[in-house]
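What follows is the residue order along each chain.
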Amino acid sequence: MLKGKSVIVTGSTSGIGLGVARRFAAAGANVMLNGLGDAAEIEAIRQDIEVKHGVKVGYDGADIAKADQIHGLVQAATDLFGQVDILINNAGIQHTASIVEFPVAKWDLILAINLSGVFHGMQAVLPQMLARDWGRIINIASVHGLVASKNKAAYVAAKHGVVGLTKVAALETAKTGVTCNAICPGWVLTPLVEKQIQDRAKETGVSFEDASRRVLEEKQPSKQFVTPEQLGDLAVFLASDSAAQLTGQAIGMDGGWLAQ
Ligand code: NAD
């Protein structure tokens, strides 16, 4: 479906980003991976996707907290593939603490990666998308872009910001072939969430499995985790021509979390 298109997925060395990158490669798109991690492991992932799907796969280690490196990532993908058709702003981090105890450095870093990184990515990629009159920007926000939970001040603020920024980008590109949407996942069992569940298990003296069950019971009516592959398939749909008139939306995939 996306043969000949090129996509950048930020934060795609693990979790949701990696699942999304795999689904885009399966749909025929060339993929630029990005994210932190062990160089040999990342190279193995890169080769695996390339061989499995017969598409070009690159990697750039840009730090999404840094505007100049995001521009460098877009340039590297443009050099490798000729153009960037789809940008998936996915890189993100979490830190949980009450507002009173929230470390200022963590606030700054979460805002830099989870919110400013999305702005810089848009600014870097939009000129070429507008020049070709086709593009897709897909922001991996969160249910926390639409509702709050305690102890997640920076994350909730950043993700609400991403949903707002998505709407601005959609309006600014509305008369063009570019669309911009946000996907708002509920709980997905990735390293980012495993750490939160481990912390809860430790605090409450229960097993990881029991803590997982409890976090799902609190917020996610389906009581099942969303998977990176399910999110990848939604993103592939948003990148398709069928979604040409779908823009400015914050789409939940959350087992019913936002219906409550
Ligand atoms: P993860 O920790 O598995 O993956 C995060 C990715 O971002 C990794 O590839 C990591 O290397 C990369 N990354 C982190 N800091 C970076 C930086 N400075 N520069 C470049 N890359 C960096 O987490 P995940 O759960 O897959 O999260 C991915 C996105 O999905 C995040 O934006 C997160 O907020 C969002 N999200 C996750 C959940 C969930 O339940 N897991 C729910 C809603 C939204």
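Going by the structure above, here's the rest.
Here the structure is a predicted model, which means the values were calculated and not measured.

Engineer: Even after reading the chapter, I still don't get the site of the ligand, so can you show me in this structure?
Structural biologist: Among the 30 residues in the neighbourhood of the ligand, the closest are listed as Ser14, Asn90, Tyr155, Val188 and Thr190. For the ligand, an oxygen atom lies 2.9 Å from a polar atom in the side chain of lysine 159. Backbone polar atom of glycine 186 to an oxygen atom of the ligand: 3.4 Å apart, as the coordinates give it. In the complex, 93% of the free accessible area of the ligand, which totals 830 Å², lies under the protein chains. Of all the secondary structure elements, the ones that give two or more residues to the shell around the ligand are α1 (15-26), α5 (153-172) and α6 (191-204). For the shell around the ligand, the leading source of residues is α6, giving three residues. Split into classes, the residues belonging to the shell around the ligand amount to 16 nonpolar, 12 polar and two charged.

Engineer: How should helix α7 (residues 208-219) be read in this particular structure?
Structural biologist: Given 3.6 residues per helical turn, the α-helix brings residues three or four places apart onto the same face. Here α7 is 12 residues long and its end C-alpha atoms lie 17 Å apart, about the 16 Å a rise of 1.5 Å per residue gives. If you check which residues of α7 are buried, you get Ala211, Ser212, Val215 and Leu216. The buried side chains of α7 occupy one side of the element, clustering within an arc of 135° when seen end-on.

Engineer: Could you clarify how one ought to interpret the packing of aromatic side chains in this entry?
Structural biologist: Aromatic rings in a pair are described by how distant their centres are and how their planes are angled relative to each other. Throughout the structure, instances matching the rule amount to one aromatic pair. Geometrically, the ring pair formed by tryptophan 187 and tryptophan 257 is tilted, given 5.9 Å between the ring centres and 45° between the ring planes. Residue tryptophan 187 is found in the loop between β6 (178-185) and α6, and its partner tryptophan 257 is found in the segment after β7 (250-253); the two are separated by 70 residues along the sequence. Residues tryptophan 187 and tryptophan 257 agree in their burial class; the two are buried. Across the ring face of tryptophan 134, the terminal group of lysine 5 is positioned such that the distance to the ring centre comes to 4.2 Å.

Engineer: Would you explain the packing of helix α3 (residues 67-81) against helix α4 (residues 104-132) in this entry?
Structural biologist: Axes are the key here: two packed helices are described by the angle between their axes and the distance separating the axes. Two elements in contact, α3 and α4, have axes separated by 9 Å at closest approach and are oriented at 35°. In the packing of α3 onto α4, the handedness of the crossing is right-handed. Packed against α3, whose contacting residues are Ala67, Ile70, His71, Val74 and Thr78, the element α4 presents Gly117, His120, Gly121, Gln123, Ala124, Val125 and Gln128 at the interface. Here the residues of the contact of α3 with α4 are counted per class, giving five nonpolar, seven polar and no charged.

Engineer: Please explain the sheet that holds strand β1 (residues 6-9) as it appears in this structure.
Structural biologist: Working definition: the strands of a sheet are paired by backbone hydrogen bonds and lie parallel or antiparallel to each other. Taking strand neighbours across the sheet as the criterion, the seven strands line up as β3-β2-β1-β4-β5-β6-β7 in an open arrangement whose pairing is parallel. Pairing within the sheet leaves two strands with one partner each, and these edge strands are β3 (57-60) and β7. Going across the sheet, the axis of each strand differs from the next one's by a mean of 20°, ignoring polarity.

Engineer: I would appreciate a short explanation of the side chain of asparagine 30 in the present structure.
Structural biologist: Along the chain, the position of asparagine 30 falls in strand β2 (residues 30-34). Within the structure, asparagine 30 has its side chain in polar contact with the backbone nitrogen of lysine 56 (distance 2.9 Å). Residues contacting asparagine 30, with those up to four places away along its chain left out, are Lys5, Ser6, Val7, Val55, Lys56 and Phe81.

Engineer: Help me out: how do you make sense of the nonpolar core in this one?
Structural biologist: The nonpolar side chains of a soluble globular protein tend to be buried with one another. Residues Ile8, Met122, Val125 and Ile137 are the most contacted members of the largest nonpolar core, which totals 36 residues. Mapped by element, the contributors of at least two residues to this core are α3, α4, α5 and β6. With 10 residues, α4 is the single largest residue contributor to this core. Discounting chain neighbours no more than four positions away, the residues touching methionine 122 are Leu87, Pro127, Ile137, Asn139, Leu165, Thr166, Ala169 and Cys180.

Engineer: Looking at this structure, I do not really get α6. What am I missing?
Structural biologist: With 14 residues, α6 extends 20 Å from end C-alpha to end C-alpha; this agrees with the ideal 20 Å at 1.5 Å per step. Those residues of α6 lying buried are Val193, Gln196, Ile197 and Ala201. Along the axis of α6, the buried residues cluster in a sector spanning 140°; they form a single face. Opposite the packed face of α6, turned more than 90 degrees from it, sit the exposed residues Lys195, Lys202 and Glu203. Contact partners of the buried residues in α6: α7. At the exit of α6 stands glycine 205, carrying a positive phi of roughly 65°.

Engineer: Even after reading the chapter, I still don't get the environment of glycine 35, so can you show me in this structure?
Structural biologist: Its place among the elements puts glycine 35 in the loop between β2 and α2 (39-53). Each C-alpha atom of the pair glycine 35 and aspartate 60 lies 7.6 Å from the other, and the pair is 25 residues apart in sequence. Among all residues touching glycine 35, those that are not within four sequence positions of it are Gly11, Thr13, Ile42, Tyr59, Asp60 and Gly61.

Engineer: It is not clear to me how the pattern of salt bridges should be interpreted in this structure. Could you clarify?
Structural biologist: In a structure, side chains of opposite charge can pair up when their charged atoms sit close to one another. Scanning the model with the defined rule gives 10 salt bridges in all. With its nearest N and O atoms 3.1 Å apart, the salt bridge here joins glutamate 50 to arginine 46. Of this pair, glutamate 50 and arginine 46 both sit in helix α2, separated by four residues, roughly a single helical turn. On the accessibility criterion, glutamate 50 (25% relative accessible area) is partly exposed. A salt bridge links aspartate 63 to lysine 66; the nearest nitrogen and oxygen atoms lie 3.3 Å apart. Residue classification places lysine 66 among the partly exposed residues on the basis of a relative accessible area of 40%.

The rules behind each value
Residues numbered from 1 in each chain as written. Predicted model: local features only at pLDDT ≥ 70, side-chain atom pairs only at ≥ 80, totals over all residues. Heavy atoms only, no water. Near = heavy atom within 4 Å. Polar contact = N/O pair within 3.5 Å; in protein donor to acceptor, adjacent residues only side chain to side chain. Areas by Shrake-Rupley, 256 points an atom, 1.4 Å probe, with all protein chains shown as cover. Helix = DSSP H or I, 4+ residues; strand = E, 2+ residues; numbered from the N terminus. Nonpolar A, V, L, I, M, F, W, Y, C, P; charged D, E, K, R; others polar. Expected span 1.5 Å × (residues − 1). Buried < 20%, exposed > 50% of the residue type's maximum accessible area, 1.4 Å probe, protein only. Arc of directions from axis to C-beta. Phe/Tyr/Trp six-rings, centres within 6.5 Å; stacked < 30°, edge-to-face > 60°. Lys NZ or Arg CZ within 6 Å of the ring centre and 35° of its normal. Axes fitted to C-alpha atoms, helices over the stretch in contact; angles between N-to-C directions. Left-handed = near helix turned anticlockwise from the far one by under 90°. Contact = heavy atoms within 4.5 Å. Pairing = 2+ DSSP bridges. Core = buried A, V, L, I, M, F, W, Y, C linked by side-chain atoms within 4.5 Å. Salt bridge = Lys/Arg side-chain N within 4 Å of Asp/Glu carboxyl O.

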